[in-house]
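So you can see what is in the structure, the chains are spelled out below.
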Amino acid sequence: PLHLKMRRAALLLALTLLQTVPQAVQARPPQALACAVIAAPDGLDAQLADSMLTLDETRSKSAMDTLHTLVDRCAADQFLNDKEREAYFGYVLGRMARDGLDPRLKAEGIPADLIDKALDIGPGNANNPATQVTQGDLRRVSTALTEAGKDPAKVTPVGWGLITAWIAATAQMFDALRVLD
């Protein structure tokens, strides 16, 4: 009968349309986010950590240029639009800077996870958007250090600089993830 043929045609059309809907609705798979991190040359994470610490654009230009090249290549492979490409750059910058900052924090006796817990950042946490590191952020870290048996007054200026850079890199990473998810 005609109505069954029309119904079958409508069903086939619906299935075809569903298969052509962009997959942007789903969160990006971890391997897609890791593309530039995996392709990065050794030492880029340390250079990006330096850029978060110094904020000297001249000194960090080479590292940023390398990162842009990696991100552009991965973004093209993943068909990212301009907004997603920009967010992906922010994500990789934050993630790799954290990778470079983590051993430096450990060397200062400051566990990175203590900072993340104090500020409720990380997978499954609030990850509040951050445009800058506030005195309130530093107070929460100071309280967490005290609760962990570490005297915040004994944290060196280098240590506080690392903490501030960690917070900025983390905010950069999670703010970018919001755009990509």
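Residues numbered from 1 in each chain as written. Predicted model: local features only at pLDDT ≥ 70, side-chain atom pairs only at ≥ 80, totals over all residues. Heavy atoms only, no water.

A.B. asks: So what's going on with the pattern of salt bridges? Residues and values would help.
C.D. replies: Taken as a whole and judged by the stated rule, the model has eight salt bridges. For K61, the salt bridge is made with D65, and the minimal N-O distance between the two is 2.7 Å. Here K61 and its partner D65 are both found in helix α5 (residues 57-77), four residues apart, which amounts to about one turn of the helix. Judged by relative accessible area, which is 49%, K61 ranks as partly exposed. Measuring nitrogen to oxygen at the nearest pair gives 2.9 Å for the salt bridge that ties D137 to R140. Taken together, the positions of D137 and R140, both in helix α8 (residues 135-147) and three residues apart, correspond to about one turn of that helix. Classification of D137 as buried rests on a relative accessible area of 12%. Residue classification places R140 among the partly exposed positions, given a relative accessible area of 42%. (Salt bridge = Lys/Arg side-chain N within 4 Å of Asp/Glu carboxyl O. Helix = DSSP H or I, 4+ residues; strand = E, 2+ residues; numbered from the N terminus. Buried < 20%, exposed > 50% of the residue type's maximum accessible area, 1.4 Å probe, protein only.)

A.B. asks: Give me the lowdown on the environment of V141, citing residues and values where you can.
C.D. replies: Along the polypeptide, V141 turns up in helix α8. Take V141: its relative accessible area is 0%, and that puts it in the buried class. In sequence terms V141 and L119 are 22 residues apart; their C-alpha atoms lie 7.4 Å from each other. Aside from chain neighbours lying at most four places away, what touches V141 is L114, I115, A118, L119, W160, I163 and I167. (Contact = heavy atoms within 4.5 Å.)

A.B. asks: An account of the state of the cysteines is needed here, citing residue identities and associated values.
C.D. replies: By definition, a disulfide links the sulfur atoms of two cysteines through a covalent bond. Going through the model one piece at a time under the given rule, you end up with one disulfide. Paired by a disulfide, C35 and C74 hold their sulfur atoms 1.9 Å apart. On the S-S bond that ties C35 to C74, the torsion sits near -80 degrees, and the link is left-handed. Here C74 lies in helix α5 and C35 lies in helix α3 (residues 35-39), a separation of 39 residues in the sequence. The exposure class assigned to C35 is partly exposed, which follows from its relative accessible area of 22%. Judged by relative accessible area, C74 falls into the buried class, the value being 3%. (Disulfide = S-S within 2.5 Å.)

A.B. asks: Quick rundown of the layout of surface pockets? Include the residues and the values.
C.D. replies: In this structure, the largest pocket spans a volume of roughly 270 Å³. Lining the largest pocket are 14 residues, and of these S51, M52, L53, L55 and A168 lie nearest its centre. Elements with a contribution of two residues or more to the lining of the largest pocket: α4 (44-54), α5 and α9 (157-180). Counting residues per element, the lining of the largest pocket draws most heavily on α9, which supplies five residues. Its residues assigned to classes, the lining of the largest pocket comprises seven nonpolar, five polar and two charged. (1 Å grid on protein atoms, 1.4 Å probe; cavity = no way out; pocket = protein on both sides within 12 Å on 5 of 7 lines; lining within 4 Å. Points joined across faces, edges and corners; volume = space filled by probe spheres on them. Nonpolar A, V, L, I, M, F, W, Y, C, P; charged D, E, K, R; others polar.)

A.B. asks: Give me the packing of α8 against α9: which residues, what numbers.
C.D. replies: For the pair α8 and α9, the least separation of the axes is 11 Å and the interaxial angle reads 120 degrees. Here α9 runs oblique to α8, going by the angle between their axes. For the element pair α8 and α9, the recorded crossing hand is right-handed. Within the contact between the two elements, α8 uses D137, L138, V141, S142 and L145 and α9 uses W160, I163, T164 and I167. When the residues that make up the contact of α8 with α9 are grouped by side-chain class, the tally is six nonpolar, two polar and one charged. (Axes fitted to C-alpha atoms, helices over the stretch in contact; angles between N-to-C directions. Parallel < 35°, antiparallel > 145°, perpendicular 65-115°, else oblique. Left-handed = near helix turned anticlockwise from the far one by under 90°.)

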